[in-house]
Amino acid sequence: MDEFQEEEIESVLYIGREVSVFKIPPLKKNEGHRAQEWGDLGQPLWKGRLRIIERSSGVSIQFEDVNTGELFAKADYDPAKPCVEAVLDSSRYFVVRVEDNGRRAYIGMGFLERTDSFDFNVTLQDYTKRWRARMNPPDPAAETSAAPAGPKKDYSLKEGQTFSIAIPGRAKNTTTATTASNLLGGSTSASSSGGGFGVPLLPPPPSAPRR
């Protein structure tokens, strides 16, 4: 039954047509690598192509012979512990950590064009984003519990609509004036009719007797 099993699917994410590999000195300081310290960059240790291949087990960076496809070196790319580090003095050169049967080594790598190194960087960044999304999936319970936002209310006036503004104290003064007017009117009316709470009119004093 083994002959009927499907082979593992490979997806080529990136191909660098020509890359150069350099032997680099040990890192003396914890300030990063510099390509100018690698000697004559025109005399690389090896030249070939680079492919970034994604499988179900992960992603690997493979250095291969252009003509035969023979594998020169391989680096398994783990976003949690990246095996690629950019140098400090150029955007075209990188340091790659390669492993073979438990042995680990650091090699320098360079591209001929900056566009190639840019595409190489973007490919690794895109895979890192997908890896993080797979490792931290969204919580369905949190999405379900989130209340949907209701429709926005429209407070604009429609055609023909008006609105009034109530000024504090205006209605109170009007009521007080009206009440005072009623009281004065009531007092006048009561006085003229002789009833109510109006003040009674006194009769005129008697005339003085004639001598």
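Everything discussed here concerns the structure shown above.
Residues numbered from 1 in each chain as written. Predicted model: local features only at pLDDT ≥ 70, side-chain atom pairs only at ≥ 80, totals over all residues. Heavy atoms only, no water.

Caption draft 1: Main features of the pattern of salt bridges. Under the defined criterion, the tally for this structure stands at eight salt bridges. In this structure, Glu18 engages Lys47 in a salt bridge whose closest nitrogen and oxygen atoms are separated by 3.8 Å. In this pair, Glu18 sits in strand β1 (residues 11-23) while Lys47 sits in strand β2 (residues 46-55), placing the two residues 29 residues apart along the sequence. Assessed through its relative accessible area of 34%, Glu18 is described here as partly exposed. Since its relative accessible area comes to 47%, Lys47 is described here as partly exposed. For Arg49, the salt bridge goes to Glu64, with nearest N and O atoms at 2.9 Å. Of this pair, Arg49 sits in strand β2 while Glu64 sits in strand β3 (residues 58-64), placing them 15 residues apart in sequence. Residue classification places Glu64 among the buried residues on the basis of a relative accessible area of 3%. Via salt bridges that share partners, Arg49, Arg51 and Glu64 belong to a single interconnected network. (Salt bridge = Lys/Arg side-chain N within 4 Å of Asp/Glu carboxyl O. Helix = DSSP H or I, 4+ residues; strand = E, 2+ residues; numbered from the N terminus. Buried < 20%, exposed > 50% of the residue type's maximum accessible area, 1.4 Å probe, protein only.)

Caption draft 2: Broad picture of the sheet that holds strand β7 (residues 103-111). Taken in spatial order, the seven strands line up as β4-β3-β2-β1-β7-β6-β5 in an open sheet, and their pairing is antiparallel. Whereas interior strands pair on both sides, the edge strands pair on one side only; in this sheet they are β4 (71-77) and β5 (84-86). On average, adjacent strands in this sheet sit at an angle of 35° to one another, irrespective of strand direction. Summarising the sheet, β1 and β2 pair through eight bridges and their orientation is antiparallel. Paired with Val21 across the two strands is Trp46, which belongs to β2. (Pairing = 2+ DSSP bridges. Axes fitted to C-alpha atoms, helices over the stretch in contact; angles between N-to-C directions.)

Caption draft 3: Quick look at the environment of Val87. In this fold, Val87 is placed in the loop between β5 and β6 (93-100). Exposure remark for Val87: the relative accessible area of 7% places this residue in the buried category. Sequence separation of Val87 and Gly32 is 55 residues, and the distance between their C-alpha atoms is 6.5 Å. The residues touching Val87, leaving out its near neighbours within four places in the chain, are His33, Arg34, Ala35, Trp38, Tyr93, Phe94 and Val95. (Contact = heavy atoms within 4.5 Å.)

Caption draft 4: Structural view of the nonpolar core. In this structure, Leu50, Ile61, Phe63, Val84, Met109 and Phe120 are the most contacted members of the largest nonpolar core, which totals 24 residues. With four residues, the single largest contributor to this core is helix α1 (residues 114-135). Among the nonpolar cores identified, the runner-up in size contains seven residues, and Phe22, Ile24, Tyr93 and Val95 belong to it. (Core = buried A, V, L, I, M, F, W, Y, C linked by side-chain atoms within 4.5 Å.)

Caption draft 5: Local environment of the pairing of β6. Buried residues dominate β6, accounting for six of its eight residues. Pairing of β5 with β6 involves three bridges; the strand directions are antiparallel. Of the residues in β6, the one forming a bridge with Val84 is Val96. A loop of six residues connects β5 with β6, the two strands running antiparallel in sequence. Pairing of β6 with β7, which is carried by eight bridges, proceeds in the antiparallel orientation.

Caption draft 6: Representation of the environment of Arg114 in the model. Locating Arg114 in the fold gives a position in helix α1. When the C-alpha atoms of Arg114 and Ser90 are compared, they prove to be 9.5 Å apart, with 24 residues separating the residues in sequence. Residues in contact with Arg114, not counting those within four places in the same chain, are Ser91 and Arg92.

Caption draft 7: Quick look at the side chain of Thr128. Within the fold, Thr128 resides in helix α1. Using a relative accessible area of 11% as the deciding quantity, one classes Thr128 as buried. The contact partners of Thr128, leaving out residues within four places of it in the chain, are Tyr77 and Pro79.

Caption draft 8: Molecular detail of the side chain of Ser20. Structurally, the position occupied by Ser20 is in strand β1. Aside from chain neighbours lying at most four places away, what touches Ser20 is Pro44, Trp46, Lys47, Gly108, Met109 and Gly110.

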